[in-house]
Amino acid sequence: MSEQPNHSGKPAVLFVIVVFVLAVLGGAWYWFLYRPGQDVKEKARQEQAAREEAENKAALLKAQNKIKYDELIQNADAEFQLENWGKAQSLYSEASSLFPGEQYPKDQLALVNAQLDELAALEAKRTAGVVETVSSRTGRFYIILSSSIDDDLAMDFANKLAQEGHNVKIIQHDADKLFYYRVSVGDYATRERAESASTAFSNYSNDIWVLKY
């Protein structure tokens, strides 16, 4: 009796081969197509999230800086009105550094620097004992220690004050059809500031007054 070939194992082998091939193809698809695509998507998502976070932080910082800028400008303007040039300069400079594109603090700084330069020039004159003469109206308020129609008498007193270290000016002022030489030891933008400062000179005269000229 002859033996018949046994083919019962072939389907199982074919099944194993098919499963193996599918596994290999699936692995190749996963590692070379799907996974890289997912990595690219995840990287793009992270980059977008980072951009949004950076934009939100920048917007928050800008808003905070704007609040600080407005406060600095308000304080600087107040110091400017009080003629506290050093403080005004510092505040305007800080405000300008926050928003370099804003023109206002730059314009104000130019005015402040001009005032500081003028003060430096006055200090140089004071150190040198120079008496300045004011012959035209400025709109400022001058502390007057003496008033005379004698220019030599006024200049003698002014020179004495200058030698003591004061910033002295002689105001050439006509009034009541007479020409007066008024000796000033300080000038300010407002009458209130001039009157307040005048108390420091009470030992020089009993008749100190403020002249707007």
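My aim in this report is to walk through the structure given alongside it, one point at a time. Computed from a prediction, not measured in an experiment: that's the story for all the values here. Residue numbers here run from 1 along each chain, matching the order of that chain's written sequence. Local features in a predicted model are, by the rule used here, given only for residues with pLDDT of at least 70; side-chain atom pairs are given and counted only at 80 or more, and totals for whole chains, interfaces and linings are based on all residues. Computation of side-chain values: all heavy atoms of the structure, hydrogens and water removed.

1. With respect to empty space enclosed by the protein
The pocket and cavity definitions rest on a 1 Å grid over protein atoms only: a 1.4 Å probe that fits but cannot leave marks a cavity, an open set with protein on both sides within 12 Å along at least five of seven lines marks a pocket, and residues lining either have an atom within 4 Å of a point. Grid points are joined across faces, edges and corners, and a volume is the space filled by probe spheres set on the points. Considering all chains together, one arrives at one cavity of 30 Å³ or more under this definition. Of the pockets and cavities examined, the largest cavity occupies roughly 60 Å³. Together, Leu122, Lys125, Arg126, Val130, Glu132, His166, Asn167, Val168 and Lys169 line the largest cavity. Secondary structure elements are defined from DSSP: runs of H or I of at least 4 residues count as helices, runs of E of at least 2 residues count as strands, and each element is numbered from the N terminus. Residue contributions to the lining of the largest cavity peak at three residues, all from helix α3 (residues 104-128). The residue classification treats Ala, Val, Leu, Ile, Met, Phe, Trp, Tyr, Cys and Pro as nonpolar and Asp, Glu, Lys and Arg as charged. All others, Gly included, are polar. Class assignment of the residues belonging to the lining of the largest cavity gives a composition of three nonpolar, two polar and four charged.

2. Here we look at the packing of aromatic side chains
Only Phe, Tyr and Trp rings take part, Trp by its six-membered ring, and two of them pair if their centres are within 6.5 Å. Stacked means planes under 30 degrees apart, edge-to-face means over 60, and tilted covers everything else. Evaluated as defined, the whole model comprises five aromatic pairs. Considering the side-chain rings of tyrosine 92 and tyrosine 104, the 6.4 Å spacing of their centres and the 75° angle between planes classify their relative orientation as edge-to-face. Remark: tyrosine 104 occurs in helix α3 and tyrosine 92 occurs in helix α2 (residues 85-98); sequence separation between them is 12 residues. Burial status follows relative accessibility: with a 1.4 Å probe on protein chains alone, a residue under 20% of its type maximum counts as buried, one over 50% as exposed, and anything between as partly exposed. Residue tyrosine 104 is classed as partly exposed on the basis of its relative accessible area of 35%. Plain terms: the ring middles of phenylalanine 201 and tyrosine 204 are 6.4 Å apart, the flat faces sit at 40° to each other, and that makes the pair tilted. Relative accessible area serves as the criterion here: at 10%, phenylalanine 201 is assigned to the buried category. Taking relative accessible area as the criterion, tyrosine 204 reaches 26% and is therefore assigned partly exposed.

3. Some words on the pattern of salt bridges
By definition, a salt bridge exists where a carboxyl oxygen of Asp or Glu is found within 4 Å of a side-chain nitrogen of Lys or Arg. Summed over the entire model, instances satisfying the criterion amount to eight salt bridges. With a closest N to O distance of 2.6 Å, arginine 140 and aspartate 187 form a salt bridge. Of the two residues, arginine 140 is situated in the loop between β1 (132-134) and β2 (141-148) and aspartate 187 in strand β4 (residues 178-188); the sequence distance between them amounts to 47 residues. Ionic contacts of the salt-bridge type, sharing partners, join the residues Glu83, Arg140, Lys169, Asp187 and Arg193 into one network.

4. What about the nonpolar core?
Side chains that are nonpolar tend, in soluble globular proteins, to be buried together. What makes a nonpolar core is a set of buried Ala, Val, Leu, Ile, Met, Phe, Trp, Tyr and Cys residues whose side-chain atoms join them at distances within 4.5 Å. Counting residues in each nonpolar core, the largest one holds 17 residues, and the members touching the most others are Ile143 and Val168. Contributing elements (two or more residues each) for this core: β2, α4 (151-163), β4 and α5 (191-198). The greatest single-element share of this core, amounting to four residues, is contributed by α4. Note on contacts: a residue pair is in contact if any heavy atoms of the two residues lie within 4.5 Å. Residue contacts for valine 168: discarding those within four places in its chain leaves Val130, Val131, Glu132, Ala158, Leu161, Ala162, Val183 and Ser184. Grouped together as the second largest cluster of nonpolar side chains are 13 residues, Tyr69, Phe80, Phe99 and Leu109 included.

5. Quick word on the environment of arginine 140
Overall, the relative accessible area of 24% leaves arginine 140 in the partly exposed class. Between the C-alpha atom of arginine 140 and that of lysine 212, which follows or precedes it by 72 residues, the distance is 5.6 Å. Arginine 140 has contacts with Glu83, Asp187, Tyr188, Ala189, Leu211, Lys212 and Tyr213, leaving out every residue within four places of it along the chain. Under the rule applied, a polar contact is a pair of N or O atoms within 3.5 Å (in protein, one hydrogen donor and one hydrogen acceptor; residues adjacent in sequence only if both atoms are side-chain atoms). A distance of 3.1 Å separates a polar atom in the side chain of arginine 140 from a polar atom in the side chain of glutamate 83. Separated by 2.6 Å, the side chains of arginine 140 and aspartate 187 make a polar contact.

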